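# Observations on the three-dimensional arrangement
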Amino acid sequence: MGGNGMANRRIDLRSDTVTLPTPAMRRIMAEAEVGDDVHGEDPTVTRLEQRVADMLGLEAGLFLPSGTQSNLTALMSHCGRGEAYITGETYHTVASEAGGAAVVGSIVPITLPVEEDGTVALDRLRAAIRPEDFHRPVPRLIAVENTSLGRVLPEGYMEEVAALAREHGLRVHLDGARLLNAAIATGRTPASVAAGADSVSLCLSKGLGAPAGTVLAGDEAFIARARRARKMLGGGMRQSGVLAAAGLHALDAHVERLADDHELAAALGERLAPVVEVQRVSTNMVYAGLPGGAELKRHLEDRNIVIASPGPVTRLVVHRDIEPGDVERVGAAFEAFYN
Ligand SMILES: *Cc1c(COP(=O)(O)O)cnc(C)c1O
């Protein structure tokens, strides 16, 4: 809650979704030019959609309330009832979206193991594309995720997936909730990170710091189908330019600074390494083994530090409301618990 310089500011490491809109963002939201977006009459939404599409090298965009709804909209626009999509078993669309593809979309998820580097091995993907047979659901799509649990997928992987997909008449969806973290971490353009994807979902409400909103991008025909799916899912919003303005401001002001989050995550990983088992630091995330359960959580909460459930693999996420000075406060708090 703001209060910069306060000795005991709340430090929330659960997710980069906890960021609060800045005063500058709120001002721009208040002044946004708006209209009824279901009628296509909100100029701010239209501007955001086109800006993200251009940035990703795709034709058109569609603004949605959340990443979950955007991914489901994409899956429903690529796959029909009883058709399948192939994806990694830890990826968000199957692991963290309440089963929406299957439950709401009647789309069959074919899930494959995810490698250490966040990819699904190409030979596994190839093997999962079985010849057409009436016993089996027909796969229409491969869904990839970048970043995945903070990891940036290796350069060239997307193109290989796309080539494989094309060879078999499948399409590729990229869940790029944190695609800009991948771009900033590698110095590549967003379009280069997305290259090969037929559709991309990009969240504005994570490290970018907008209060809500995701843009789904693809070609014109895909976005026309997605507009219908979004309506079906209840995601058509009216004067949503108020939210889109926050997204535009985030793209203006909060992209380059993602590098600060990555730097701070590295510093946090280094500070914690002598104290706990740090398993991995990638982009804005530190993964660590944090024994101590509820007792640890209470110990940290007493020091105004909030983390996700402690366990053998716990994610600490750095974002724009974490400051360099917080690294030492967090380090000292863990030290006090474990020593
Ligand atoms: C956060 C996230 C989403 C979407 O989440 P919402 O909370 O619904 O906006 C999708 N995919 C990945 C990889 C994510 O991290």
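Everything here concerns the structure above.
Bear in mind that the values here come from a model prediction, so they are computed numbers and not experimental data.

### As for the sheet that holds strand β9 (residues 277–282)
If you walk across this open sheet you meet the 3 strands as β9-β10-β12, and the pairing is antiparallel. The sheet is open, and its two edges are formed by β9 and β12 (314–317), each paired on a single side. If you compare each strand with its neighbour and ignore which way they point, the axes differ by 25° on average. As paired strands, β9 and strand β10 (residues 285–289) are joined by 5 bridges and run antiparallel to one another. In the strand pairing of β10, serine 282 is matched with methionine 285. Here helix α12 (residues 258–272) sits on the sheet and contacts β9, β10 and β12; the angle it forms with β9, its principal contact strand, is near 170°.

### Digging into the sheet that holds strand β8 (residues 214–218)
Taken together, the 7 strands give an open sheet; going across it, the order is β2-β8-β7-β6-β5-β3-β4, and neighbouring strands pair in mixed fashion. At either margin of the open sheet sits one strand with a lone partner, and together these are β2 (60–64) and β4 (108–112). Taken pair by pair, the neighbouring strands of this sheet meet at an average axis angle of 20°, ignoring direction. Here strand β3 (residues 84–88) runs beside β4; their pairing, made up of 5 bridges, is parallel. When the bridges of β4 are listed, tyrosine 85 appears paired with proline 109. The sheet strands contacting helix α7 (residues 157–167) are β5 (139–145) and β6 (171–175), and the helix crosses β6 at an angle near 150°.

### Focus: the pairing of β6
Taking burial as the measure, the 5 residues of β6 include 4 buried ones, the bulk of the element. With respect to chirality, the unit in which β5 leads through α7 into the neighbouring parallel β6 is right-handed. In this structure, β6 lies alongside strand β7 (residues 199–203), joined through 3 bridges in parallel fashion. Paired with aspartate 175 across the bridge in β7 is serine 201.

### Notes on unusual backbone geometry
Cis geometry is found at the peptide bond from asparagine 146 to threonine 147, where omega equals 0°. Along the chain, threonine 147 falls in the loop between β5 and α7. At alanine 98, a position not held by glycine, the phi torsion is positive, near 60°. Alanine 98 sits in the exposed class, given a relative accessible area of 77%. A positive phi angle, near 60°, is found at asparagine 304, a position not held by glycine. Along the chain, asparagine 304 falls in the loop between α13 (293–302) and β11 (305–306). According to the relative accessible area criterion, asparagine 304 is partly exposed, its value standing at 24%.

### Observations concerning the packing of aromatic side chains
Any pair of aromatic rings gets described here by the distance separating the centres and the angle formed by the planes. Tallied over the entire structure, the rule returns 2 aromatic pairs. Geometrically, the ring pair formed by phenylalanine 334 and tyrosine 338 is stacked, given 6.3 Å between the ring centres and 5° between the ring planes. You can see phenylalanine 334 and its partner tyrosine 338 sitting in helix α14 (residues 324–338), 4 residues apart, about one turn around the helix. Seen in terms of ring centroids, phenylalanine 337 and tyrosine 338 are 5.0 Å apart; in terms of plane orientation they differ by 85°. Their pairing is edge-to-face. An aromatic cluster of three or more residues is present, and its members are Phe334, Phe337 and Tyr338.

### Here we look at the pairing of β3
Every regular strand shows the same layout, with side chains that alternate between the two sheet faces. Taken across its 5 residues, β3 has 5 buried, putting it largely inside the fold. The alternating pattern of β3 places Ala84, Ile86 and Gly88 on one face and Tyr85 and Thr87 on the opposite face, and all of these are buried.

### What to know about the site of the ligand
The environment of the ligand is made up of Ser66, Gly67, Thr68, Asn71, His92, Glu97, Glu145, Asp175, Ala177, Arg178 and Lys206. Contact between the ligand and threonine 68: an oxygen atom at 2.6 Å from a side-chain N or O atom of the residue. Taken by itself the ligand offers 380 Å² of open surface, and the protein chains cover 81% of this. The element contributing the most residues to the shell around the ligand is helix α3 (residues 67–78), with 3 residues. Its residues placed into classes, the shell around the ligand shows 1 nonpolar, 5 polar and 5 charged.

### Describing the environment of leucine 179
Take leucine 179: it is sitting in helix α8 (residues 179–186). A relative accessible area of 0% means that leucine 179 is categorised as buried. Separated by 24 residues in the primary sequence, leucine 179 and cysteine 203 place their C-alpha atoms 8.4 Å from one another. Not counting the four nearest positions on each side in its chain, leucine 179 is found in contact with Leu56, Asn146, Thr147, Leu174, Pro190, Val193, Ala194, Val200 and Leu202.

Calculation notes
- Residues numbered from 1 in each chain as written.
- Predicted model: local features only at pLDDT ≥ 70, side-chain atom pairs only at ≥ 80, totals over all residues.
- Heavy atoms only, no water.
- Pairing = 2+ DSSP bridges.
- Helix = DSSP H or I, 4+ residues; strand = E, 2+ residues; numbered from the N terminus.
- Axes fitted to C-alpha atoms, helices over the stretch in contact; angles between N-to-C directions.
- Contact = heavy atoms within 4.5 Å.
- Buried < 20%, exposed > 50% of the residue type's maximum accessible area, 1.4 Å probe, protein only.
- Right-handed = clockwise from strand over helix to strand, strands pointing away.
- Phe/Tyr/Trp six-rings, centres within 6.5 Å; stacked < 30°, edge-to-face > 60°.
- Near = heavy atom within 4 Å.
- Polar contact = N/O pair within 3.5 Å; in protein donor to acceptor, adjacent residues only side chain to side chain.
- Areas by Shrake-Rupley, 256 points an atom, 1.4 Å probe, with all protein chains shown as cover.
- Nonpolar A, V, L, I, M, F, W, Y, C, P; charged D, E, K, R; others polar.

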